[in-house]
Amino acid sequence: MEKGAGGSAWVVRAEDGRILRAFADTNNDRVVDRWSYYKDGIEVYRDIDADNNSKADQARWLGEAGSRWGIDDNEDGTIDRWQTISAEEATAEIVAALATGNVRGFTRLLPSREELEAAGFRGERLETLSSRTAAAAEGFADLAAGQQQVARDARWNNMLSALPGVIAADGEALVADVMAYDNVVALFETSEGTGQVFVGSLVRCGEAWRPVDLPQLPGQGGEISEPLAFFSPRMPASQAAGPQVSDALKPLLEALRTAEDRLMEAGPAERSPLIAQQLQMLEKIVAASSADDRDFWVRQLAETIAAAVQEGAIADGIERLQQLTESVADDPDLGGFVAFRLASARYAAGMLAEGADLEAVQNAWLADLDAFVAAYPESPDAAEAMLQIGIAEEFSGDEQAAVDRYRQIAEAFPDTAAARKASGAARRLESVGKLLPLTGTTVDGRSFSLASLKGTPVLIHYWASWCEPCKVDIARIRELRESFGPKRFAVVGISLDTDRETLAAYLKGSSIPWLQLHEEGGLDGRLAEELGVLTLPTMLLLDAKGNVVDRNVIITDLEKKLGDLLGQP
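What comes next is a walk through the structure.

About the cut-offs
- Residues numbered from 1 in each chain as written.
- Predicted model: local features only at pLDDT ≥ 70, side-chain atom pairs only at ≥ 80, totals over all residues.
- Heavy atoms only, no water.
- Disulfide = S-S within 2.5 Å.
- Buried < 20%, exposed > 50% of the residue type's maximum accessible area, 1.4 Å probe, protein only.
- Salt bridge = Lys/Arg side-chain N within 4 Å of Asp/Glu carboxyl O.
- Helix = DSSP H or I, 4+ residues; strand = E, 2+ residues; numbered from the N terminus.
- Lys, Arg positive; Asp, Glu negative; His and termini not counted.
- Polar contact = N/O pair within 3.5 Å; in protein donor to acceptor, adjacent residues only side chain to side chain.
- Contact = heavy atoms within 4.5 Å.
- Axes fitted to C-alpha atoms, helices over the stretch in contact; angles between N-to-C directions.
- Parallel < 35°, antiparallel > 145°, perpendicular 65-115°, else oblique.
- Nonpolar A, V, L, I, M, F, W, Y, C, P; charged D, E, K, R; others polar.
- Pairing = 2+ DSSP bridges.
- Expected span 1.5 Å × (residues − 1).
- Core = buried A, V, L, I, M, F, W, Y, C linked by side-chain atoms within 4.5 Å.

### Details of the state of the cysteines
Applying the stated criterion across every chain, the model contains 1 disulfide. Disulfide pairing is shown between Cys467 and Cys470; the S-S distance is 2.3 Å. The S-S bond linking Cys467 to Cys470 shows a torsion near 80°; that makes this disulfide right-handed. Both residues of the pair, Cys467 and Cys470, belong to the buried class.

Here it is, written out as structure tokens:
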């Protein structure tokens, strides 16, 4: 028995002290309600008894085991629905369901009508999606029973797709932005070889990525007979199935998977040689790929090299990226993709260098971004490059240049995350003296509008539980609220935490007395994007009419600002 801040637990440890199991009583009722399992001293799985009836009703994978969070509503030992599941894990579940003929394993991945509606779908689009998911649920049993490609020993290998996109809200068929993948392919391997499943589209509902169609398997000709892509124009069958696995690629993909599996378990000292092996395999895959598949693997190689540079794991990453950039110079789209990773890697390497002159590194980074935008003005990455330049201009005090830059991004790259953040940042910089329209959802699920506080001065505080300076702000705001009187001004907290549970635990322990808004996405979510909030903490002060008095309140100036607005305490 061991006791800690979270209650008592029966703990099993190895001879060297590493924890192996922990069966905990988290509510001190002398009954175990959480069963945790560890690998190398890190928790990788837990069963949870949330309703305290001595039966597990939730299952969570943690650490390197993934992010799945399943709910067993009837407590029969089988997961009924996924509260959290990544796109990769969803495609792995589809492969497993096909391999074993597990109809329930597939149908619990599908979004319910309520989940689709909560995501933002309305009207005809909601009806179309609901009918498609219903057809998928109805057709899976026959598909699984009749297919022979995905054998019982099939093991998921990888998910192939382009980057996820955002379906922009239009106020009618879609009342909130929705993230989605199109043309997703799941690779798997068996004792007989490798194969692929065409998953189609995945849509994000809350914290779970969900398919909206029946998966498809290659027909006799090796192609997808009717590729479906609900969130983007349909692609020809020859393109929709993603990179084809040729005989030349199979051993290279196997070697790549082995290297990546070993990386997952490697300690810091082991990572560099394994990353070198990973890059070597990727370079061979690029060389062996067909013209149609080369684009995909070049992007994978560029991303991996850039990540390795940022980790400080390889010494020649910049040179490799330069060579890769030169090799794709005749392809503007691919060249822009690799060139941006090169610029980012140079910045990361500069910041990691011993005795780095941070100002010089920052100036070189901005010069690289300027050069990138000039060379690849239509690249999707140009929006992010321009946003970084605009942020630097804002923080250096050149706010008009920043506003102009932000507007340029919004005009040139509409319907992108960078454009939404840039538009919000311009709105924030020009907000003084203007009404601030702000709506959101409170932590307890209620709708909120700033207009409801008209007649009362308001302090808006953007923060997160992981932000230590934010906690200093909260303590000082609490003091000033008592000093001036809690009814003389209102405080609206806007938490940009990405994990709702972490936020709930912090709020429970800190007892913050003012209203708190929270929505998904953190610094990339709607609440942050609407005013282009770039750093935390960020505070705005509004007068009783709802007009912005100060858009960048510093905590050390808050007492004076409040005194100017309210009079002395």
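Next comes the rest of the description.
### Remarks on the pattern of salt bridges
This model, assessed by the stated rule, comprises 35 salt bridges. We note a salt bridge from Arg476 to Glu479, for which the minimum N-O separation is 2.9 Å. Of this pair, Arg476 and Glu479 both sit in helix α15 (residues 468–484), 3 residues apart, which is roughly one turn of that helix. For Arg476, a relative accessible area of 26% translates into the label partly exposed. Taken together, the shared-partner salt bridges connect Lys39, Glu64 and Glu265 into one network.

### Comments concerning the side chain of Asp49
By the secondary structure assignment, Asp49 is in the loop between β5 (42–48) and β6 (58–61). Within the buried core, Asp49 has no salt-bridge partner, and the shortest N-O distance to an opposite charge, that of Lys55, equals 9.5 Å. In terms of polar contacts, Asp49 uses its side chain to reach the backbone amide nitrogen of Asn53, at 3.0 Å. When residues no more than four places from it in sequence are discounted, the contact partners of Asp49 are Asp33, Trp35, Ser54, Lys55, Ala56 and Asp57.

### So, the packing of helix α10 (residues 332–352) against helix α12 (residues 380–395)
In the contact formed by α10 and α12, the axes pass within 9 Å of each other and the chain directions differ by 30°. Taken together, the axes of α10 and α12 lie roughly parallel to each other. Contacts from Gly336, Phe337, Phe340 and Arg341 of α10 reach α12 at Asp381, Glu384 and Ala385. Looking at the contact of α10 with α12 residue by residue, the classes come out as 3 nonpolar, 1 polar and 3 charged.

### Examining the packing of helix α8 (residues 291–311) against α10
Helix-helix packing is characterised by the crossing angle of the two axes and by the distance between the axes. Running from N to C, α8 and α10 cross one another at 10°; their axes reach a closest spacing of 8 Å. Overall, the two elements α8 and α10 adopt an arrangement that is roughly parallel. Side by side, α8 and α10 meet where Asp295, Val298, Arg299, Ala302, Glu303, Ala306, Val309 and Gln310 of the first sit next to Asp333, Leu334, Phe337, Val338, Arg341, Ser344, Ala345, Ala348, Ala349 and Leu352 of the second. When grouped by side-chain class, the residues that make up the contact of α8 with α10 number 11 nonpolar, 2 polar and 5 charged.

### Digging into the sheet that holds strand β18 (residues 515–518)
If you walk across this open sheet you meet the 5 strands as β18-β17-β16-β19-β20, and the pairing is mixed. With one partner strand each, in any of the chains shown, β18 and β20 (548–550) form the two edges of the open sheet. Ignoring which end each strand starts from, the neighbouring axes of this sheet average 30° apart. In this fold α15 packs onto β16 (458–463), β17 (490–495) and β19 (538–542), with an angle of close to 160° to the strand it touches most, β16.

### So, α10
Three- or four-residue spacings in an α-helix give side chains the same orientation, since the helix completes a turn every 3.6 residues. The end-to-end C-alpha distance of α10 is 30 Å, a good match for the 30 Å that 21 residues give at a rise of 1.5 Å each. For α10, the N-terminal capping position is held by Asp331, with its side-chain oxygen 3.1 Å away from the main-chain nitrogen of Asp333.

### Points about the environment of Trp82
Along the chain, the position of Trp82 falls in strand β8 (residues 81–85). Sequence separation between Trp82 and Trp209 is 127 residues; the distance between their C-alpha atoms is 9.2 Å. Non-local contacts of Trp82, meaning those with residues more than four positions away in its chain, are made with Trp61, Arg68, Trp69, Gly70, Glu93, Arg108, Leu109, Ala208 and Arg210.

### What to know about the nonpolar core
Ile460, Tyr462 and Ile494 are the most contacted members of the largest nonpolar core, which totals 42 residues. For this core, the secondary-structure elements that each account for two or more residues are β16, α15, β17, α16 (500–510), α17 (526–529), β19 and α18 (558–566). Not counting residues within four places of it along the chain, the set of residues in contact with Tyr462 comprises Cys470, Ile494, Leu496, Leu527, Leu531, Val533, Leu536, Pro537, Thr538 and Leu540. Counting 37 residues, the second-largest nonpolar core is a separate cluster that includes Leu279, Val298, Ile305 and Ile318.

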